[in-house]
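One-letter residues, chain by chain:
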Amino acid sequence: MAEMYIRVAEEENEEPMEIPSEDDGTVLLSTVAAQFPGACGLRYRSPISQCMRGVRLVEGVLHPPENGWGNLVYVVNYPKDNKRKMDEIDASSAKIKRGDQKTSDLIVLGLPWKTTEQDLKDYFGAFGEVIMAQVKRDVKTGNSKGFGFVRFADWETQNKVINQRHMIDGRWCDCKLPNSKQGPDEPMRSRKVFVGRCTEDMTTDDLRQFFMQYGEVTDVFIPKPFRAFAFVTFADDQVASSLCGEDLIIKGVSVHISNAEPKHSNIAISGFCLGRRPSVAALCG
DNA sequence: GTTGAGCGTT
């Protein structure tokens, strides 16, 4: 029998793709899977019974119905109830993988003066997805200070980058975990966190909206005039402490979360509170 | 207009 093609589609009413048959009139499951990754069989709607029918499958070989394949459209079967395509499966497992290890900003030391954020993105983009890049500059002159920061989407990428030297615009550069991330900071029991490296365009609403995702936000305080930091208070102290040490990206900039140092005035008050026995929570929040 | 170990406007 001459080679012919059968019509196969992902769903009954989708545009079919023509799949080649073998010389003996059968179709190999592997041929189907080559076009529909993850496929485990075929079915079709019987013109007689109007029911879906399964195509006979023996050891990887699909056998035609009694009257031949005909001009019917065959629908791909996927394992179990799992009708996702392979690329979707890959994407979802990648998403799970992404969540297992958080990345942190890396300091990039030794940058040429001329290197820009775009240069950093271009260079490090070859290693993996770059989600933040900065070149630190003198505020007055705008000149580069010769170092910057970069953050990757994936932990694997971050590790790869840390473990080698980098030739960027003609100079050898090093990527390290910044000091702010090294050494275990002892977390204190506080509902309030310090948010460092804020930019001036971050409003209290922005911060509230952003931090809501971690838990109920009870207060946002931004000192004025602008001082590049803020305080965010949560209803739950565990939420607060879980964020300490993190670098989070708000409006495209990396902010650093750490313990809110208790206000000096509050230390005095808290001593006073404890001596006087009123509710500590009421007065020393 | 300069420089070359460092640490991000607390």
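Residues numbered from 1 in each chain as written. Chains lettered and ligands numbered in written order. Predicted model: local features only at pLDDT ≥ 70, side-chain atom pairs only at ≥ 80, totals over all residues. Heavy atoms only, no water.

Chain A appears in an unreviewed UniProt entry as TAR DNA-binding protein 43 from Pygocentrus nattereri.

Draft legend 1. Main features of the overall build of chain A. Regarding its fold elements, chain A presents eight helices and 18 strands. Of all 285 residues assigned to chain A, the portion counted as buried reaches 34%. Look at the contacts in chain A between residues 6 or more apart in sequence, and 60% of them connect residues 24 or more apart. (Helix = DSSP H or I, 4+ residues; strand = E, 2+ residues; numbered from the N terminus. Buried < 20%, exposed > 50% of the residue type's maximum accessible area, 1.4 Å probe, protein only. Contact = heavy atoms within 4.5 Å.)

Draft legend 2. Representation of the packing of aromatic side chains in the model. Taken as a whole, this structure holds 14 aromatic pairs when the rule is applied. Here the aromatic cluster, defined as three or more aromatic residues joined through ring pairs, consists of Tyr123, Phe124, Phe127 and Phe152. (Phe/Tyr/Trp six-rings, centres within 6.5 Å; stacked < 30°, edge-to-face > 60°.)

Draft legend 3. View of the side chain of Ser254. Tracing the backbone shows Ser254 in strand β18 (residues 253-259). Reaching out from Ser254, the side chain makes a polar contact with the side chain of Asp105 at a distance of 2.4 Å. (Polar contact = N/O pair within 3.5 Å; in protein donor to acceptor, adjacent residues only side chain to side chain.)

Draft legend 4. Molecular detail of the protein's contact with DNA strand B. What surrounds DNA strand B is a group of 25 residues, the closest being Asp105, Leu111, Gly146, Phe194 and Arg197. Taken together, the sugar and phosphate atoms account for 18% of what DNA strand B places within 4 Å of the protein. Within the contact set of DNA strand B, a base nitrogen lies 2.8 Å away from a side-chain nitrogen or oxygen of Arg197. Elements that contribute at least two residues to the surface near DNA strand B include exactly β9 (106-109), β10 (130-137), β11 (144-152) and β18. Class assignment for the residues of the surface near DNA strand B results in 12 nonpolar, seven polar and six charged. (Near = heavy atom within 4 Å. Nonpolar A, V, L, I, M, F, W, Y, C, P; charged D, E, K, R; others polar.)

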